[in-house]
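Residue-level structure breakdown
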Amino acid sequence: MREPISRDARLALDLALTIRHDGNGGVTDDLAGPAGLTEWVRAHLELLPCTATKRADDQREGSATGTAPQSAEGAIGGSTADAAQLTAVRELRAAVRALFARAVRPGEPSPADAARLMPLPEAVRHLNEAAARTPTVPVLDWPEGATPVVHRTPTGAVDDLTAALAHAVIAFLASPDRDRLRACHAPRCVRYFLKEHPRQEWCKPSCGNRARVARHHQRHKATA
């Protein structure tokens, strides 16, 4: 039976996976420039709490005033990422990958950056400082005829993408889902993944196939 993956786990994992195999034996960075971050954020709008809350607020305000809702991307400070946002998110990612390496112990971390991981105390401090960039408060939302729900709303005037991601990472690392985190060590793979069933060894079937082929060749070479 497949285990579900929470929103926080998905955000944390997907941020780490912006460092990935390039298909040619090397490693590529999806966040190499502001355009890459913009594209990544647009692909994750439904998962980002800052954008989801902003959309809900805009829709309610629009219904009350007859105005059109604002773009969800505006909730992260603009529809296009800038250099400062890119630097902040890349630094957060470095902390996340260092903490992922700790979480998979005694297993080996992803080979993508195993030799240059951020020191763990620095990674913890950086994650907590990023989360503090936008303190939040619980806000009750109870529309007529609906079930009451609680949103975490920033106390500042502007939602912060890096803080929202840091909150998700902290929630994931403090949850039981952390125990399901693994680094895939199939040939050419550098991904982290969450085990979806007890017998899972690889992040996806293609990695399992490559690993079995490699083992077969290794055994054949040893007996030749």
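Structure first, text after, so check above.
Residues numbered from 1 in each chain as written. Predicted model: local features only at pLDDT ≥ 70, side-chain atom pairs only at ≥ 80, totals over all residues. Heavy atoms only, no water.

What to know about the environment of D22
Our working definition: Think of it this way: any DSSP run of H or I at least four residues long counts as a helix, any run of E at least two long counts as a strand, and we number them from the N terminus. Any pair of nitrogen or oxygen atoms within 3.5 Å is treated as a polar contact; in protein, a donor-acceptor pairing is required on top of that, and neighbouring residues in sequence qualify only through side-chain atoms on both sides.
Mapping D22 onto the fold places it in the loop between β1 (19-21) and β2 (27-29). Expressed as a C-alpha distance, the spacing of D22 and V190, which sit 168 residues apart in the sequence, is 9.9 Å. A polar contact of 2.7 Å, which involves the side chain of D22, links it to the backbone nitrogen of N24. Within the structure, the side chain of D22 is placed 2.9 Å from the backbone nitrogen of G26, a separation counted as a polar contact.

Focus: the packing of aromatic side chains
Ring pairs (aromatic) are described by centroid distance and by the angle formed between their planes. Keep this limit in mind: Pairing of aromatic rings covers Phe, Tyr and Trp, the last through its six-membered ring, and needs centres within 6.5 Å; plane angles under 30 degrees mean stacked, over 60 mean edge-to-face, and all others mean tilted. Throughout, exposure labels follow a simple rule: accessible area from a 1.4 Å probe, protein chains only, divided by the maximum for the residue type, with under 20% read as buried, over 50% as exposed, and the rest as partly exposed.
If you walk through the whole model with that rule in mind, you get 2 aromatic pairs. On the numbers, 5.4 Å between centres and 80 degrees between planes, the contact of F100 with Y192 is edge-to-face. Placement of the pair is F100 in helix α4 (residues 83-103) and Y192 in strand β6 (residues 192-194), with a sequence separation of 92 residues. You can call Y192 buried: its relative accessible area is 0%.

Let's talk about the pattern of salt bridges
Opposite charge on two side chains permits pairing when their charged atoms draw close. Put simply, the test is: Salt bridges, as used here, are contacts in which a Lys or Arg side-chain nitrogen is within 4 Å of a carboxyl oxygen on Asp or Glu.
In total, this model carries 9 salt bridges according to the counting rule given. For the salt bridge of D14 with R10, the shortest nitrogen-to-oxygen distance reads 3.0 Å. Of this pair, D14 and R10 both sit in helix α1 (residues 7-16), 4 residues apart, which is roughly one turn of the helix. Taking the shortest distance from any N to any O, the salt bridge between D29 and R93 comes out at 2.6 Å. A residue pair is termed long-range when its members are at least 10 positions apart, and D29 in strand β2 and R93 in helix α4 qualify at 64 residues. It is possible to trace a salt-bridge network through shared partners that takes in D29, R90 and R93.

Some details on α1
Along α1, 8 of the 10 residues are buried, which leaves the element largely enclosed by surrounding structure. Three or more residues of α1 are buried, namely D8, A9, L11, A12, L13, D14, L15 and A16.

Overview of the nonpolar core
Burial of nonpolar side chains together is a common tendency in soluble globular proteins. Selection criterion: Among buried residues, the Ala, Val, Leu, Ile, Met, Phe, Trp, Tyr and Cys ones that are joined through side-chain atoms within 4.5 Å form a nonpolar core. Here, two residues are considered to be in contact whenever any of their heavy atoms come within 4.5 Å of each other.
F100, L165 and Y192 are the most contacted members of the largest nonpolar core, which has 40 residues in total. Per element, the largest residue contribution to this core is 9 residues, and it comes from α4. In contact with L165, not counting residues within four places along its chain, are L11, L15, W40, L48, V89 and L92. Counting residues in each nonpolar core, the second largest holds 7 residues, with A186, F193, C203 and C207 among its members.

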